[in-house]
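What the coordinates show
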Amino acid sequence: MAKPENEITWKDIKVGFVVDEPGSASVYRTGDWRSQRPVYERERCIRCGTCYVYCPDMAIKILKDGYIEHDLYYCKGCGICAEECPTGAIIIVDEEE
Amino acid sequence: MATRVGIEVSIAAAEAVKQANTDVIAAYPITPQTHIVEHLSELVNNGELDAEFVPVESEHSAMSVCSGSSAAGARTFTCTSSQGLALMSEIVYAVSSLRLPMLMILANRSLNSPLSIWNDHSDVMSIRDCGWIQVFVENGQEVYDHVFIGYRVAEDRNVLTPFIINLDGFVLTHVIEPIEMLDQEMVDRYLPPYQPLYRLHPNQPVSIGCFGPPVLFTETKRAQDEAFNSTMPHILKGWQEFGDLTGRYYHPVETYKTEEAKVIVVTQGSLGETASIAIDTLRGEGEPVGLVSIRLWRPFPFEEFREAVKGAELVVVMDRAISYGGPGGPLAGEIRAALYSQEVHPRVVNFIIGLGGRDVAPDDFVQMVQQAKARPGEWYEIYGVRE
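The following paragraphs examine the structure supplied in this document. (Residues numbered from 1 in each chain as written. Chains lettered and ligands numbered in written order. Predicted model: local features only at pLDDT ≥ 70, side-chain atom pairs only at ≥ 80, totals over all residues. Heavy atoms only, no water.)

Focus: the overall build of chain A
- Helix and strand counts for chain A come out as two helices and four strands.
- Counting from the amino terminus, chain A carries its helices and strands in the arrangement β-α-β-β-α-β.
- Residues classed as buried in chain A amount to 32% of the 97 residues present.
- At a minimum sequence separation of 6, the contacts of chain A that also span at least 24 residues come to 60%.
- Measuring between centres, the 12 positive side-chain charges of chain A sit 5 Å from its 18 negative side-chain charges. (Helix = DSSP H or I, 4+ residues; strand = E, 2+ residues; numbered from the N terminus. Buried < 20%, exposed > 50% of the residue type's maximum accessible area, 1.4 Å probe, protein only. Contact = heavy atoms within 4.5 Å. Lys, Arg positive; Asp, Glu negative; His and termini not counted. Charge placed at Lys NZ, Arg CZ, Asp CG, Glu CD.)

Put into C-alpha cells, the structure is as follows:
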C-alpha cells in the first residue's frame, strides 16, 4: 500500500476491500500491541538462532555476525524468545521499565 | 419475440435461471423453494444447462460456495427459504461487503417457532440490513423477469452487489400462471456476459476477504454504504431497458389508483394483487382509496414513496412480520421514517397480517381500511386474531 493505514480514506478503499498487491501484511504494524518488550544481552548470546526459529512474528533478525536484533515494528512482546533462549540472553520487561 | 405459456411459477423461475446462462448453482432443498432447485438440477443433469450444480450439505455451505463462485467470476445463483436463510445469513452479510454479485430467489416462509412451512416475510426481514439489493414480486411473470433484471443490475460494474428476489412461498411458488417467456435472443440482448472487476485468477492474484483493523474498518463500511446508496439509478436503468425490450416496466414503488387518494394501503409481494380487488370495491363505493406496493425494499425508495402518497391523510401499512418490541412491523417503521421529515404527513396505521400462511382475502383489506379510519391515532395490531 502506498499510504500509511491511518491516511487511507474511504475513497481509497478498493471495491470489496480487495487487496490487489502482494506483501501488504508486511506494512501492518503489530509492534503497538506490545505491553512488554524483549531486552537482549549480547554477551550471553551463543548465536544458536533458537529465538529466530521460535519467534511467531518474524520479529527477530539474524545479523551478519550471527548475533540478533529484535524488530520492534512487529514484535508483540509475547516473550517466547526469552522463554526459549538457552542462555538467558533475552529477558522480557514491562514497557514502562 | 416471446411465448406465453401456462407454467408453474417455480419452473418458470428455474427456466429463467437457465436462459440467463448461469454458471454455478449451489443450493440446499427447503420447502417452499424446492421446485426451483429441483428443476435446475434436472436441467443440469440433462445437459440443457451447462452449469456446475453443487449439491451442498447446508445453506451455510450453499452461500459459501456462491461466494467462491462469484469471486472466481462465475454467474452465480442460489435459492432458499426461512430456516435456510437463517443458517446462511453469516455468509449473506459477507458477500455483500465483498461486493460479490449473485442472484438469490427467496421463497418467503415464516421462521420457527412454531414450525411452519407457510408464507410470510419474517425470513427476509431478519436480514434487512444485509447489504443486498432486495425486491418483492407480485406474480410469476415478475419473478421470471427479475431473474434477468437481477443479474443485469447485480453484475453492473457500477453496482457489484448481490440481489434478492422475494417470492411468496406456495401462493406464488406452487401455482400455475400464464407467463410470457422471452426468446433466448432477447435475453442475450439484455444480459451481457458477466465481466468481473476483480476475480480469483492465478494470472493476477488478489486477496478477497482480508481483515479490517479498526484503523480501516470504518472506511470500508463508508465505501460500501456509498456504493449501495449509488445503486438506485442503475436499478432504474435495468428496469427501464427491460421495459423497452418487453413492454413490462417496473418501478421502485408500484401504484394503483393513487390519484386523489386520501387513504393509501401499502403492501409488499403477492398481497398487492389481493389488495387491488379491495381497492376496486372501495373505489366503487366512492371511497378515495389507493394502493402502493413497495417493490424495492433495499435501497428503500424514500423519494418515490413520498411522491406516491402525496396528499393522503391516512396510510395503512400491511406488514407480514413482527418486530417484537419495535414500532410495529418492519415496513411500517420504514414508512414512518420516510414521512417524518415531511411538514404535513399522513397518519400511519399498521396491521400485521398473513403470518405463517394465514390467508388474507380482499374483504379483510376493506375491513382494515374501515378500522383504520374509525380508530384515531397511530397504532399497530395483529389482524384477524381469535380473541
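Some points on the overall build of chain B
- In terms of regular secondary structure, chain B is built from 13 helices and 15 strands.
- Across the 387 residues of chain B, 57% fall into the buried class.
- Taking all contacts inside chain B whose residues are at least 6 apart in sequence as the whole, residues at least 24 apart take part in 80%.
- In the structure as shown, chain B presents an accessible area of about 15900 Å², 51% of it carried by carbon and sulfur atoms.
- Charge centroids of chain B, computed over 28 positive and 50 negative side chains, lie 5 Å from each other. (Areas by Shrake-Rupley, 256 points an atom, 1.4 Å probe, with all protein chains shown as cover.)

Describing the interface of chain A and chain B
- Across the boundary between the two partners, chain A contributes 14 residues, which contact 21 residues of chain B.
- Between chain A and chain B the total buried area reaches about 1600 Å² when both faces are included, carbon and sulfur atoms providing 75% of it.
- At the boundary of chain A and chain B, one finds zero salt bridges.
- The tally of links between chain A and chain B comes to one residue pair in polar contact (both at pLDDT 80 or more).
- For the side of chain A that touches chain B, a count of residues per class yields eight nonpolar, three polar and three charged. (Buried area = accessible area lost by both parts, 1.4 Å probe. Salt bridge = Lys/Arg side-chain N within 4 Å of Asp/Glu carboxyl O. Polar contact = N/O pair within 3.5 Å; in protein donor to acceptor, adjacent residues only side chain to side chain. Nonpolar A, V, L, I, M, F, W, Y, C, P; charged D, E, K, R; others polar.)

Some words on the sheet that holds strand β9 (residues 253-256) of chain B
Residues and elements named next belong to chain B.
- Strand order in this open sheet of six strands is β9-β11-β10-β13-β14-β15, and the pairing throughout is mixed. Edge positions in the sheet fall to β9 and β15 (380-382), since each of these pairs with one other strand and no more. Averaged over all neighbouring strand pairs, the angle between strand axes comes to 20 degrees, with direction disregarded.
- Pairing of strand β14 (residues 347-352) with β15 involves three bridges; the strand directions are parallel. Bridging across to β15, N350 finds its partner in Y380.
- Most of the contacts of helix α10 (residues 271-284) go to strand β11 (residues 289-294), to which it runs at about 170 degrees, and overall it touches β9, β10 (263-267) and β11. (Pairing = 2+ DSSP bridges. Axes fitted to C-alpha atoms, helices over the stretch in contact; angles between N-to-C directions.)

Here's the deal with unusual backbone geometry
- Cis geometry marks the peptide bond from T31 of chain B to P32 of chain B, where omega comes out at 0 degrees.
- Structurally, the position occupied by P32 of chain B is in the loop between β2 (24-26) and α2 (34-45).
- Note that the residue after R298 of chain B, namely P299 of chain B, is joined by a cis bond; omega there is -5 degrees.
- Mapped onto the fold, P299 of chain B is located in the loop between β12 (296-298) and α11 (302-308).
- In this structure, R47 of chain A is a non-glycine residue whose phi angle is positive, near 60 degrees.
- Turning to its location among the elements, R47 of chain A is positioned in the loop between β1 (36-40) and α1 (50-54).
- With relative accessibility at 47%, the residue R47 of chain A sits in the partly exposed group.

With respect to the packing of helix α1 (residues 9-19) of chain B against α2 of chain B
All names here are of chain B.
- Packing of α1 against α2 leaves a shortest axis separation of 8 Å and a crossing angle of 45 degrees. Viewed along their axes, α1 and α2 adopt a mutual orientation that is oblique. Between α1 and α2 lies a crossing whose hand is right-handed. Packed against α1, whose contacting residues are S10, I11, A13, A14, E15, V17 and K18, the element α2 presents H35, I36, H39, L40 and L43 at the interface. (Parallel < 35°, antiparallel > 145°, perpendicular 65-115°, else oblique. Left-handed = near helix turned anticlockwise from the far one by under 90°.)

Description of the pairing of strand β5 (residues 103-108) of chain B
All names here are of chain B.
- The buried count for β5 comes to six of six residues, which makes it a mostly enclosed element.
- In β5, alternate side chains face the same way, and those of L103, I105 and A107 on one face and M104, L106 and N108 on the other are all buried.
- Where strand β4 (residues 76-80) lies against β5, four bridges are found, and the strand directions are parallel. Of the residues in β5, the one forming a bridge with T78 is M104.

Structural notes on the environment of A13 of chain B
All names here are of chain B.
- Take A13: it is sitting in helix α1.
- In this structure A13 comes out as buried when scored by relative accessible area, which is 0%.
- Residues A13 and I36, 23 residues apart in the sequence, show an inter-C-alpha distance of 6.7 Å.
- Contact partners of A13, with chain neighbours within four places excluded, come to I36, I105, V143 and V147.

Structural notes on the nonpolar core
All names here are of chain B.
- Formed by 52 residues in total, the largest nonpolar core has its most connected members in I36, L40, F77, I105, V147, F148 and I165.
- Examining the composition of this core, we find that eight residues originate from one element, helix α6 (residues 140-155), more than from any other.
- In this structure I105 touches A13, I36, F77, T78, C79, T80, V143, V147, I165 and L167, once residues within four positions along its chain are discounted. (Core = buried A, V, L, I, M, F, W, Y, C linked by side-chain atoms within 4.5 Å.)

Things to note about helix α3 (residues 59-71) of chain B
Residues and elements named next belong to chain B.
- Between its first and last C-alpha, α3 extends 18 Å over 13 residues, near the 18 Å set by a 1.5 Å rise per residue.
- For α3, the secondary structure elements touched by its buried residues are β2, β4, α4 (82-97) and β5.
- The N-capping residue of α3, defined by a side-chain oxygen 3.2 Å from the backbone nitrogen of H60, is S58.
- Trailing α3 by a residue or two, G73 shows a phi angle of about 100 degrees, which is positive. (Expected span 1.5 Å × (residues − 1).)

Observations concerning the side chain of Q33 of chain B
Residues and elements named next belong to chain B.
- Tracing the sequence through the fold places Q33 in the loop between β2 and α2.
- A distance of 3.0 Å separates the side chain of Q33 from the backbone oxygen of Y28, its partner in a polar contact.
- Residue contacts for Q33: discarding those within four places in its chain leaves A27, Y28, C79, T80, S81 and A107.

Examining the state of the cysteines
Residue and element names in this part refer to chain A.
- Scanning all chains against the criterion turns up zero disulfides over all chains.
- Not engaged in a disulfide, the cysteine C75 finds its nearest cysteine sulfur in C81; these two sulfurs lie 6.3 Å apart.
- The exposure class assigned to C75 is buried, which follows from its relative accessible area of 9%.
- Summary of cysteine pairing: C85 is not part of a disulfide, and the nearest cysteine sulfur, belonging to C48, is at 6.3 Å. (Disulfide = S-S within 2.5 Å.)

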